[in-house]
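Spelled out from the first residue to the last, the chains are:
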Amino acid sequence: MSHSQNGHSSPKTASLKTAMKATTVGGLAALMLSTGLAAPILHSFAAPVEVNAPQVPSFANVVDAVSPAVVSVRVQSNVQPASDDSSNFSFNFGGRGLDQLPDDHPLKRFFKEFGGPNQDRSDRGPNRHRDGKGPLRPVAQGSGFFISEDGYVVTNNHVVDDGSAYTIVMNDGTELDAKLVGRDPRTDLALLKVDVNRKFTYVKFADDSKIRVGDWVVAVGNPFGLGGTVTSGIVSARGRNIGSGPYDDYLQIDAAVNRGNSGGPAFNLNGEVVGINTAIFSPSGGSVGIAFAIPSSVAKDVIADLQKDGKVERGWLGVQIQPVSKDIAESLGLSEASGALVVSPQAGSPGDKAGIKQGDIITAVNGDPVKDARDLSRRIGGMAPNTKVEISLWRGGKSQSVNVTLGDLASDDASKSTPTQNDDKGQSSSEKVLSSLGLTVSPADDGNGLAITDVDPDSDAAARGLKTGEKITSVNNQQVASAADIEKILEQAKKDGRSKALFQIQTDDGSRFIALDIDQG
């Protein structure tokens, strides 16, 4: 009889059951903690992303160190009376008279304060000065910074320009009166002085020759009256010319700079001033990441002069110059477009006395090549008056040099010459059409040069900006008095293998040189 029949399991079946029980108990035992409680079964998740990248440096230490030296500059000016009884100016706008306006009307209050028709000049407000000057009113607000412990403050000239009183506001809110030591409109720098019995935290100028494009800068200032505002960026470019003057050599930075930042410092990470924030490029009036700062190398020398005697002394050559384009270089036989073209020497100037002539190209100063007109202006301006220099020239296809003793730019009061106006008076028998140039000319009324009476709109002359009413005074540095003179000079230029000729153009605003293509056909 089998085991299944008598209710007993077979040995194989018993062994299988025993093994299953043991396995189950073993599995449960594996899930038991030492306390005897069942452990929870944990789900598995992926690790979060973590990137070990270099950390951007913090500017906090720099800001903490330099902030006490950065100030706001408030400027006030004497408001002048709008008119007086003896003037011919009238406030009659075609409407009701001022005496018919309500007493609380803004216009009536305004004219009572500043003067208007039929107003009693003896009563214009409680702050009216006895000397006739108006009351002090805020006219500008900018930024600045201390450069010495005894209270010298650097800012922009355009911040303090036309000011009568100046107030320095420190980062802790302290307000201190300041006086104007001196200013330099040519570089847009000014120096103020606070006279109080205390020592100030101050900063120093950096060696900006070591500044590279891409270096960090930190701007601290007073944008929109928000004192102590800090922004950061990098140096975007060097040597920028923004057309503000002959000494343009700006650092371009992308730190946010806005109205009110003018005169404030741009620091490197060592807390040194690398530039003075001066201007921004902005189609909207706010920061778009293009700001310009006066480099510390320029500011250091100018401020030192202002601190010494309140003015800046610069060497003066006394010649009007313009850049040398490729076309101009070719027309004069120069191998490269460099140097500065002399438009005209000022009568009696150091350059005129030394023999520098109209049409010369200044190629070097003391043997050092001149890159362009701006380079020449900066180098001459960086020399002291009465300095003797050697000026290398390109004249008539040859190199030569002259020795010049520089004058003093600050004492240059000579007036600019005013060219004669030449109106277009229509065709006359003396007119001559220069078909190769697209110009019609006639002798000038003053006998000096040729008046342009018509310009072909499709000509090279029109493309280069020549206009009716302007005057041609020379071609290739040779005076011209007739169309025949021009034609003769152009023929010689063609024989010399030149494709362009240099024309001197006189206008009411002065002279300029233009290189025109010569018709080879």
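Every chain is numbered on its own, with residues counted from 1 as its sequence reads. Selection of residues for local features in this predicted model requires a pLDDT of at least 70, selection of side-chain atom pairs for listing and counting requires 80 or more, and totals for whole chains, interfaces and linings are taken over all residues. Excluding hydrogens and water, the side-chain values take into account all heavy atoms of the structure.

A. Structural detail: helix H5 (residues 296-309). Here H5 contains 14 residues, and its C-alpha end-to-end distance of 20 Å stays within 8% of the 20 Å for a straight helix at 1.5 Å per residue. Here the term buried applies to any residue with accessible area under 20% of the maximum for its type, exposed to any over 50%, and partly exposed to those in between, with areas from a 1.4 Å probe on protein chains only. Secondary structure follows DSSP: runs of H or I at least 4 residues long count as helices, runs of E at least 2 residues long count as strands, and numbering of each begins at the N terminus. Every buried residue of H5 is listed here: Ser296, Ala299, Val302, Ile303 and Leu306. With its buried residues spanning 135° around the axis, H5 presents them on a single face. For H5, exposure combined with an orientation more than 90 degrees from the buried face picks out Asp301 and Lys308. Take the residue count of a helix, subtract one, and multiply by 1.5 Å to get its expected span. By construction, the arc corresponds to the directions joining the helix axis to the C-beta atoms.

B. Main features of unusual backbone geometry. With a phi angle near 75°, asparagine 386 is a residue other than glycine that sits in the positive phi range. Here asparagine 386 is to be found in the loop between helix H8 (373-381) and strand S18 (388-395). Although it is not a glycine, asparagine 476 adopts a positive phi angle of roughly 50°. Assignment of secondary structure puts asparagine 476 in the loop between strand S24 (471-475) and strand S25 (478-479).

C. Region of interest: empty space enclosed by the protein. The pocket and cavity definitions rest on a 1 Å grid over protein atoms only: a 1.4 Å probe that fits but cannot leave marks a cavity, an open set with protein on both sides within 12 Å along at least five of seven lines marks a pocket, and residues lining either have an atom within 4 Å of a point. Grid points are joined across faces, edges and corners, and a volume is the space filled by probe spheres set on the points. Following the criterion strictly, the structure yields one cavity of 30 Å³ or more and no others. Looking at the largest cavity, its volume works out to about 70 Å³. Lining the largest cavity, in full, are Arg186, Thr187, Ser244, Tyr247, Asp248, Asp249, Tyr250, Ile294, Pro295 and Val298. When its residues are assigned to classes, the lining of the largest cavity shows five nonpolar, two polar and three charged. Residues are sorted three ways: Asp, Glu, Lys and Arg are charged, Ala, Val, Leu, Ile, Met, Phe, Trp, Tyr, Cys and Pro are nonpolar, and all the rest, Gly among them, are polar.

D. A look at the layout of surface pockets. Considering only enclosed or pocket space, the second largest pocket measures out at about 530 Å³ in volume. Contributing to the lining of the second largest pocket are 25 residues, with Val298, Asp301, Val302, Gly381 and Gly382 lying nearest its centre. Those elements that place two or more of their residues in the lining of the second largest pocket are strand S8 (229-240), H5 and H8. For the lining of the second largest pocket, the element with the highest residue contribution is H5, accounting for seven residues.

E. Geometry of the pattern of salt bridges. Just to be clear on terms, a salt bridge is a Lys or Arg side-chain nitrogen sitting within 4 Å of an Asp or Glu carboxyl oxygen. Considering all chains together, one arrives at 15 salt bridges under this definition. Of the charged contacts in the structure, one is a salt bridge between aspartate 375 and arginine 379, with a shortest N-O distance of 3.2 Å. Note that aspartate 375 and arginine 379 are positioned in helix H8 at a spacing of four residues, about one turn of the helix. With relative accessibility at 21%, the residue arginine 379 sits in the partly exposed group.

F. Structural view of the sheet that holds strand S6 (residues 189-193). Strand pairing is assigned whenever DSSP identifies at least 2 bridges connecting the two strands. A barrel is described by the order of its strands in space; here six strands give the closed sequence S1-S2-S3-S6-S5-S4, paired in antiparallel fashion. For this sheet the average axis-to-axis angle between neighbouring strands, irrespective of direction, equals 40°. Note on definitions: a residue-residue contact is assigned when non-hydrogen atoms from the two residues lie within 4.5 Å. Comment: axis = line fitted to C-alpha atoms, over the contacting stretch for helices; angle = value between 0 and 180 degrees taken between N-to-C directions. Across the sheet, H5 lies against strand S3 (152-155), strand S5 (175-184) and S6, angled at about 45° from S6, the strand it touches most.

G. Representation of the confidence of the model for the protein. For every residue, the predictor reports its confidence as pLDDT, a number between 0 and 100. Per-residue confidence for the protein averages 78 on the pLDDT scale, and 75% of its residues sit at or above 70. Mean pLDDT values for the elements of the protein range from 45 in helix H3 (residues 106-114) up to 96 in S3. The model gives residues 22-35 a pLDDT under 50, and that stretch makes six contacts with residues more than four places away or in other chains. Residue range residues 81-98 is modelled with pLDDT below 50. Its contacts to residues more than four positions away, or to other chains, number 27 contacts.

H. Structural detail: the pairing of S18. Pairing of strand S16 (residues 361-365) with S18, which is carried by four bridges, proceeds in the antiparallel orientation. Along S18, the bridge assignment pairs valine 365 with isoleucine 391. What sits between the antiparallel neighbours S18 and strand S19 (residues 398-405) is a turn of two residues, in which glycine 396 has the positive phi angle 60°.

I. Spatial organisation of the packing of aromatic side chains. Side-chain rings of Phe, Tyr and Trp, where Trp is taken by its six-membered ring, are said to pair if the distance between their centres is within 6.5 Å; with planes under 30 degrees apart they count as stacked, over 60 as edge-to-face, and otherwise as tilted. Inspection of the entire model under this criterion finds four aromatic pairs. An angle of 65° between the planes, with centres 5.2 Å apart, marks the rings of phenylalanine 59 and tryptophan 216 as edge-to-face. Of this pair, phenylalanine 59 sits in the loop between helix H1 (11-30) and helix H2 (60-66) while tryptophan 216 sits in strand S7 (residues 216-221), placing them 157 residues apart in sequence. Looking at phenylalanine 59, the relative accessible area reads 16%, which means it is buried. Assessed through its relative accessible area of 35%, tryptophan 216 is described here as partly exposed. Two conditions define a charge located above a ring, namely a distance within 6 Å from the ring centre to NZ of Lys or CZ of Arg, and an angle within 35 degrees of the ring normal. One Lys or Arg, lysine 193, reaches over the ring of tyrosine 152 and ends 5.3 Å from the middle of that ring.

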